[in-house]
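Spelled out from the first residue to the last, the chains are:
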Amino acid sequence: MAGRARTRGCTVIVGCQWGDEGKGKIVDVLAEEVDVVARYQGGANAGHTVHVGEKEFILHQIPSGILHPGKRCLLGNGVVLDLVQFFEEVDALQARGVDLEGRVGVSRRAHLLLPYHRVLDRVAEEAAEEKIGTTGRGIGPAYEDKAGRRGIRVADLTDERRFGELVERGMDRARARAGGLGAEAEAALERAMAEAVALRERLLPLAVDTGVEVESALDRGEGVLLEGAQGTALDLDHGTYPYVTSSNTTAAAAATGIGVGPTRISEVLGVVKAYTTRVGNGPLPTAFDPEMDERMRALGGEFGATTGRPRRCGWFDAVLARHAARVNGLTGIAVTKLDVLDTLAEVSVATAYRTPQGEMTEFPADTFGLDRVEPVLETLPGWESSTGAARSLDDLPPNARRYLDRVEELAGAPVRMVSVGTKRSQIIHVE
Ligand code: GDP
C-alpha cells in the first residue's frame, strides 16, 4: 500500500448483490488507510472472512478493521448486538493476539439481540408458509422489537434494575408468542439469558455515541469507512422482498445506522463479485444449470461463512448491478473474485431479463415474477490464464480487461478496485 494516498472523508462500503461479495476483504484492504471503521446495520448473521498472512479470521459483528493495529472499530445504532456472540468474538480475537484495548465502541442506541430472539426466530420460521431461509440467529425478531418499540438498547444497561425489568418483560412476551416453551427449552433459555445479562458490566465501558465519534473524526480530517453487511438485493426495501434481511443494507442506511447526516458521506463503493451467488431462498435470475453451479461453487468456495450453507451461483447480473448503482448512489465499484473465472473458456453477463411482456432492464419489485424471468446473456471470451499475480489493470489478460470494461459499462459506475485472490496483496487499485 506504500505510496497510496490516505482515504479521507467518509466512504460507505456496500454489497451490491445478495451479500458474500467479499466486502470483508475490501474493508480490510481500505482499513489500512483510514482511522475508523464502523458497521451500520445487521447482526451476527453476517460473516466476513478475512485472510491475514496464513491466518483466517471469521468476523460476525466486529468490523474487519480490527485486524489493523490501532484502528478504532464501532458498531452503530443500526446494528442489533448479540451480546454473547460479540464477547465470544472479542475473546477469540484477543486469544489470537489482537489488541483490542480502547479500540471497540458500541452505540448506546444499538438494540440488543437476546437469546429469546432466537427462540422467536425459530418459531416464526417453522410457522411460515413460505420459508425465508433465515440464519435462525434472532436478527428478524430483534428488528421487529425495535420497530415495535419494545426493544432493549445498550443505553438501557445503565440502570441494572430497569434492565432486569425489561428483560423479564421480553421473556414473558417470547414465552407467550412461542405458546409455552416446555421445561427443557425454558431451562435452556433461562441459562442463555443469565449468560447474556451477566455481560452487562463488560459492555457498559464500550458504550459510546457513534454519531458524535464519527462526526468528530471527520472534523479532524480523519478517514472513516462505514461497512455494510449483506447486500443490496437483501435490503428490506430495495431487495427481493420478502426474501430479504430485516434491515436496510443500502448506502443511505449508513448515515442513519451510525448517526451522521447523508451529506457527511463522500464516497460509496459498491462491492460486486465477478459472478453472482445467493444463499437462502428466493429468486436468482442468472442461476447456472446444476453442473456449472457445482463447478463454480467449488472454484469460488461458495459456502456461507456463518452457516456453512452452500450458495447458489450464477452469471454476473447487470440488471441488479444497475439497480444497486442507483439505489446506493455508487461512486465506484470493487470487483472481487475475478480469479475464480480464470479457467472458464467463456464468461457471460446478463444484460436484461426476458419476460412474456418483453425485455426488462430495471430490477423489478415483483419478486415472484423474478422467479419466472430468463436472463438475456451476453457471452464474452474467457481469459483462461491466472490473474492472481496482477497488481495493475495492465497486468491482466486482455479478455479479463474486456470483461471488466463491460461490467463497468453495464453497471454504470467506474471500477475502482479489482480483487484477484484471498490475500491482502491480491488487489488492483484503479486510480
Ligand atoms: P463478505 O461477507 O462480503 O465479506 O463475503 P464472505 O466473507 O462471505 O466471502 C468472501 C470470501 O471470498 C472469503 O473467503 C474471502 O477470503 C474470499 N475472497 C474475497 N475476495 C476474493 C478474491 O478476489 N478471490 C478469491 N478467490 N477469494 C476472495
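The alternating pattern of strand β7 (residues 104-107) places V104 and V106 and G105 and S107 on opposite faces, both of which are buried. Pairing analysis gives 3 bridges linking strand β5 (residues 72-75) to β7, with the strands arranged parallel. Counterpart to L74 in the pairing with β7 is G105. Judged from the 2 bridges that link them, β7 and strand β9 (residues 207-208) form a sheet pairing that is parallel.

Before going further, it helps to examine the domain arrangement of the protein. Entries for the protein in the domain assignment read domain 1 (9-107 + 206-270), domain 2 (111-202) and domain 3 (272-429). For domain 2 versus domain 3, the distance between C-alpha centres works out to 37 Å.

All right, on to the sheet that holds strand β15 (residues 332-336) then. With mixed pairing, the 10 strands of this open sheet are ordered in space as β9-β7-β5-β2-β10-β1-β11-β15-β19-β20. Each edge of the open sheet is held by one strand with a lone partner, namely β9 and β20 (427-429). One ladder, built from 5 bridges, connects strand β11 (residues 267-273) with β15; its direction is parallel. The residue of β15 that forms the bridge with G270 is I333.

Before going further, it helps to spend a moment on unusual backbone geometry. Omega for the bond connecting Y241 with P242 falls within 30 degrees of zero, at 5 degrees, which places this linkage in the cis form. For P242, the position within the fold is in the loop between β10 (223-227) and α9 (252-258). A positive phi is found at Q230, a non-glycine position, where the angle reads about 55 degrees. By the secondary structure assignment, Q230 is in the loop between β10 and α9.

The final tally for this structure, using the stated rule, is 25 salt bridges. In this structure, the salt-bridge partner of R264 is D219, at a minimum N-O distance of 3.2 Å. Within this pair, whereas R264 is found in the loop between α9 and β11, its partner D219 is found in helix α8 (residues 210-219), the two being separated by 45 residues in sequence. The exposure class assigned to R264 is partly exposed, which follows from its relative accessible area of 25%. With relative accessibility at 55%, the residue D219 sits in the exposed group. Close ionic contact of K337 with E302 constitutes a salt bridge, the shortest N to O distance being 2.9 Å. With K337 in the loop between β15 and β16 (346-355) and E302 in the loop between α10 (290-300) and β13 (312-314), the pair connects residues that are 35 residues apart, well separated along the chain. Its relative accessible area of 0% is what places E302 among the buried residues.

Turning next to the site of the ligand. In the region of the ligand, 18 residues are neighbours, and G22, G24, H48, D339 and S419 sit closest. Measuring from an oxygen atom of the ligand, one finds a backbone N or O atom of E21 at 3.1 Å. G24 is positioned such that a nitrogen or oxygen atom in its backbone is 2.7 Å from an oxygen atom of the ligand. Of all elements in the fold, only α1 (23-31) and β3 (48-52) reach the threshold of two or more residues within the shell around the ligand. Of the residues contributing to the shell around the ligand, the split by class is 2 nonpolar, 9 polar and 7 charged.

The rules behind the values
- Residues numbered from 1 in each chain as written.
- Predicted model: local features only at pLDDT ≥ 70, side-chain atom pairs only at ≥ 80, totals over all residues.
- Heavy atoms only, no water.
- Buried < 20%, exposed > 50% of the residue type's maximum accessible area, 1.4 Å probe, protein only.
- Helix = DSSP H or I, 4+ residues; strand = E, 2+ residues; numbered from the N terminus.
- Pairing = 2+ DSSP bridges.
- Domains from an automatic or database assignment.
- Salt bridge = Lys/Arg side-chain N within 4 Å of Asp/Glu carboxyl O.
- Near = heavy atom within 4 Å.
- Polar contact = N/O pair within 3.5 Å; in protein donor to acceptor, adjacent residues only side chain to side chain.
- Nonpolar A, V, L, I, M, F, W, Y, C, P; charged D, E, K, R; others polar.

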